[in-house]
Amino acid sequence: MSNRHYVLTLSCEDRPGIVAAVTTELADLGANIAESDQFWDQVSNRFFMRIAILTPENVTREMVHKAIEPAINRFDLKTSLTDSAQRPKIIIMVSKFDHAMLHLLYQIRVGWLDADVAAIVSNHPDSRRTAEIEGIPYHHWPVNKENKAEQEEKLLGLVKETGADLVVLARYMQVLSDTLSKRLFGKVINIHHSFLPSFKGAKPYHQAHQRGVKMIGATAHYVTPDLDEGPIIEQDAERVSHSLSADDFVARGRDIESRVLARAVKFHLESRVMIVGNKTIVFTQ
């Protein structure tokens, strides 16, 4: 008999018996636990858990939710249940630098990322040819002060029309409005470079090279009204030295940004990320 695969995430105030209550109900349903991770945040006394389960083919999502209702009511659980058979949809937004987008498309093509790209949106026409080759609808929506609100409404419409689960800013060089950031909270992931110290403005890698930076990196985070201050999902860094040119810095930066963004998207799509205030709990494999 074939199985169905579901992922359950939950959080609540920590107290004894949570795991036993949930897993007992799942076992009575004939579910087998394929993966389980949990975390107790001692500061807030909150308990967080992610469980991937395999059930008989006839067990629906509604049946799983109904089975754990006693535990939900007993512990006041905040839950999310996803059916892994439902392939998630993403919208990729990009400007002129397309390295992060191309990496996402490749990881989807080879099966490491399980998702469908519903559309590519850009404020430039540069990536249209890539979209055509991949068979993905392309939307060229230039943005300026006068039409920003209009273009963001078009994006919201596209999200609704396609049923997209996630919007990925793959080096999309436009700041989303506070209104859009709030309406899509937890559903937009951004990638940006990371240095110590930080460098703002044009050519940050060249600025870092001029300052003799010894470490470059990238940060993937959820978008909020606070620019680049949203809950962090994934980061990475790499040592650099005086022997490298500014172009070497840029090349290594492209590589780090692409890898970090892809991992963050994967974690999100696999329900491995739980947002807690301005930080995240990430149950990595």
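Structure first, text after, so check above.
Residues numbered from 1 in each chain as written. Predicted model: local features only at pLDDT ≥ 70, side-chain atom pairs only at ≥ 80, totals over all residues. Heavy atoms only, no water.

Some thoughts on the sheet that holds strand 7 (residues 138-140)
Sheet strands pair via backbone hydrogen bonds, and the direction of the pair is either parallel or antiparallel.
Part 1 of the argument: In space, the 7 strands of this open sheet follow the order 7-6-5-8-9-10-11, with mixed pairing throughout. Two strands in the sheet have a free side with no partner beyond their single neighbour: strand 7 and strand 11 (232-239). Going across the sheet, the axis of each strand differs from the next one's by a mean of 20°, ignoring polarity.
Part 2 of the argument: Where strand 8 (residues 166-169) lies against strand 9 (residues 188-195), 3 bridges are found, and the strand directions are parallel. The residue of strand 9 that forms the bridge with leucine 169 is asparagine 190. (Pairing = 2+ DSSP bridges. Helix = DSSP H or I, 4+ residues; strand = E, 2+ residues; numbered from the N terminus. Axes fitted to C-alpha atoms, helices over the stretch in contact; angles between N-to-C directions.)

Brief notes about the environment of histidine 65
Part 1 of the argument: Within the fold, histidine 65 resides in helix 2 (residues 61-67).
Part 2 of the argument: Expressed as a C-alpha distance, the spacing of histidine 65 and aspartate 41, which sit 24 residues apart in the sequence, is 25 Å.
Part 3 of the argument: For histidine 65, the residues in contact, after removing those within four places along its chain, are Ile72, Thr79 and Leu81. (Contact = heavy atoms within 4.5 Å.)

A short note on unusual backbone geometry
Part 1 of the argument: The backbone of aspartate 76 sits at a positive phi, close to 55°, despite the residue not being glycine.
Part 2 of the argument: Mapped onto the fold, aspartate 76 is located in the loop between helix 3 (69-75) and strand 4 (78-83).
Part 3 of the argument: Overall, the relative accessible area of 51% leaves aspartate 76 in the exposed class.
Part 4 of the argument: A positive phi is found at lysine 203, a non-glycine position, where the angle reads about 50°.
Part 5 of the argument: Positionally, lysine 203 belongs in the loop between strand 9 and helix 8 (204-210). (Buried < 20%, exposed > 50% of the residue type's maximum accessible area, 1.4 Å probe, protein only.)

Side note on the packing of aromatic side chains
Part 1 of the argument: Tallying each qualifying case throughout the model produces 2 aromatic pairs.
Part 2 of the argument: An angle of 70° between the planes, with centres 5.7 Å apart, marks the rings of phenylalanine 195 and phenylalanine 199 as edge-to-face.
Part 3 of the argument: Measuring from ring centre to ring centre gives 5.1 Å for phenylalanine 195 and tyrosine 205, while their planes differ by 80°; the resulting arrangement is edge-to-face. Here phenylalanine 195, found in strand 9, pairs with tyrosine 205, found in helix 8; they are 10 residues apart in sequence, far enough to count as distant.
Part 4 of the argument: Against the face of tryptophan 112 rests lysine 266, its NZ or CZ located 4.7 Å from the ring centre. (Phe/Tyr/Trp six-rings, centres within 6.5 Å; stacked < 30°, edge-to-face > 60°. Lys NZ or Arg CZ within 6 Å of the ring centre and 35° of its normal.)

Considering helix 6 (residues 148-162)
Part 1 of the argument: When the terminal C-alpha atoms of helix 6 are compared, their 21 Å separation across 15 residues agrees well with the 21 Å that a helix rising 1.5 Å per residue should span.
Part 2 of the argument: Where helix 6 is concerned, the buried positions are Gln151, Glu152, Leu155, Leu156, Leu158, Val159 and Thr162. Viewed along the axis of helix 6, the buried residues span an arc of 155°, placing them on a single side of the element. Helix 6 presents Ala149, Glu150, Lys160 and Glu161 as exposed residues on the side facing more than 90 degrees away from its buried surface.
Part 3 of the argument: On its buried side, helix 6 packs onto strand 5 (89-94), strand 6 (116-122), strand 7, strand 8 and helix 7 (178-183).
Part 4 of the argument: Of the residues flanking the end of helix 6, it is glycine 163, one or two places downstream, whose phi is positive at about 70°. (Expected span 1.5 Å × (residues − 1). Arc of directions from axis to C-beta.)

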